[in-house]
Amino acid sequence: PGDGSTALFQACDNGHLDVVRVLLAADGIQANQAENDGITPLYIACSNGHLDVVRELLGADGIQANQANQNSQTPINIAADAGHVDVVRLLLSVPGIDVTTADKWGDVPLASARKKGHGAVVSVLESFSS
């Protein structure tokens, strides 16, 4: 409502997998459409730890798994920052996933996870990077 959010964004924000599936199947739905602050449906699902929704979005045609918001945060950056280890693990399985993009504060996903003390996420990212 005025903030640029779409039905898909709202469904991803709230973790409504069935609604996400219906919307992704609809004509004209843009899976990468960002809100006014550059946050995409994938980003918000990663931020909230909605693993099934993230998995569904990653299967969408043309999904941009590395699309950043206005703070240069990517979906994997926010998932790492929030400590969602299963989401991070899933994102790491995406071909071409970028774990080297720093956000506006200079943190890559591994640094964000370390700062927040998310040990499981740190371990997953370290094993991916080595």
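For the structure itself, look to the data block above.
Computed from a prediction, not measured in an experiment: that's the story for all the values here. (Residues numbered from 1 in each chain as written. Predicted model: local features only at pLDDT ≥ 70, side-chain atom pairs only at ≥ 80, totals over all residues. Heavy atoms only, no water.)

(A) Summary view of the overall build of the chain. Looking only at helices and strands, one finds 8 helices and 0 strands in the chain. Starting at the N terminus, the α and β elements of the chain follow one another as α-α-α-α-α-α-α-α. Relative to the 2.2 N^0.38 estimate, which gives 14 Å for 130 residues, the radius of gyration of the chain is 14 Å and therefore close to what a compact globule would have. With the C-alpha coordinates aligned to their principal axes, the bounding extent of the chain is approximately 40 × 25 × 25 Å. The buried share of the chain, taken over its 130 residues, is 42%. Contacts spanning at least 24 positions in sequence make up 65% of the contacts within the chain whose residues lie at least 6 apart. Looking at charge distribution, the chain has the averaged site of its 7 positive side-chain charges lying 9 Å from that of its 15 negative ones. (Helix = DSSP H or I, 4+ residues; strand = E, 2+ residues; numbered from the N terminus. Rg over C-alpha atoms; globule rule 2.2 N^0.38 Å. Buried < 20%, exposed > 50% of the residue type's maximum accessible area, 1.4 Å probe, protein only. Contact = heavy atoms within 4.5 Å. Lys, Arg positive; Asp, Glu negative; His and termini not counted. Charge placed at Lys NZ, Arg CZ, Asp CG, Glu CD.)

(B) Spatial organisation of the pattern of salt bridges. If you walk through the whole model with that rule in mind, you get 7 salt bridges. Ionic contacts of the salt-bridge type, sharing partners, join the residues D18, R21 and E56 into one network. (Salt bridge = Lys/Arg side-chain N within 4 Å of Asp/Glu carboxyl O.)

(C) Quick look at the environment of L24. Relative to the elements of secondary structure, L24 occurs in helix α2 (residues 17–25). Its relative accessible area of 23% is what places L24 among the partly exposed residues. Sequence separation of L24 and H84 is 60 residues, and the distance between their C-alpha atoms is 24 Å. If we skip the residues at most four places from it in the chain, L24 touches L8, I29, A31, E56, L57 and A60.

(D) Highlighting the nonpolar core. If you look at the biggest cluster of nonpolar residues, it comprises 39 residues, and the most contacted ones within it are V54, V88, L91 and L125. Among the secondary structure elements, those contributing two or more residues to this core are α1 (7–14), α2, α3 (41–48), α4 (51–58), α5 (75–82), α6 (85–92), α7 (109–116) and α8 (119–129). Apart from residues no more than four positions distant in its own chain, V54 is found in contact with L42, A45, C46, V87, L90 and L91. (Core = buried A, V, L, I, M, F, W, Y, C linked by side-chain atoms within 4.5 Å.)

(E) Region of interest: the packing of α3 against α4. Packing of α3 against α4 brings their axes to within 8 Å, and their N-to-C directions diverge by 155 degrees. Between α3 and α4, the crossing angle belongs to the class labelled roughly antiparallel. Crossing of α3 over α4 shows left-handed handedness. Together, P41, L42, A45 and C46 of α3 and V53, V54, L57 and L58 of α4 make up the contact between the two elements. Partitioned by chemical class, the residues of the contact of α3 with α4 number 8 nonpolar, no polar and no charged. (Axes fitted to C-alpha atoms, helices over the stretch in contact; angles between N-to-C directions. Parallel < 35°, antiparallel > 145°, perpendicular 65-115°, else oblique. Left-handed = near helix turned anticlockwise from the far one by under 90°. Nonpolar A, V, L, I, M, F, W, Y, C, P; charged D, E, K, R; others polar.)

(F) Region of interest: the side chain of T74. One can find T74 in the loop between α4 and α5. Owing to a relative accessible area of 2%, T74 belongs among the buried residues under this scheme. In this structure T74 touches Y43, N66, Q67, A68 and T101, once residues within four positions along its chain are discounted.

(G) Structural context of α6. Regarding α6, the residues found buried are V87, V88, L90, L91 and L92. Looking at the buried side of α6, the elements it contacts are α3, α4, α5 and α8.

(H) Structural detail: α2. Buried residues of α2: L17, V20 and L23, and no others. Each buried residue of α2 lies within a common arc of 125 degrees when the element is viewed along its axis, so the set occupies one face. Looking at α2, the residues exposed on the side facing more than 90 degrees away from the buried face are D18, V22 and A25. In this fold, the buried residues of α2 make contact with α1 and α4. (Arc of directions from axis to C-beta.)

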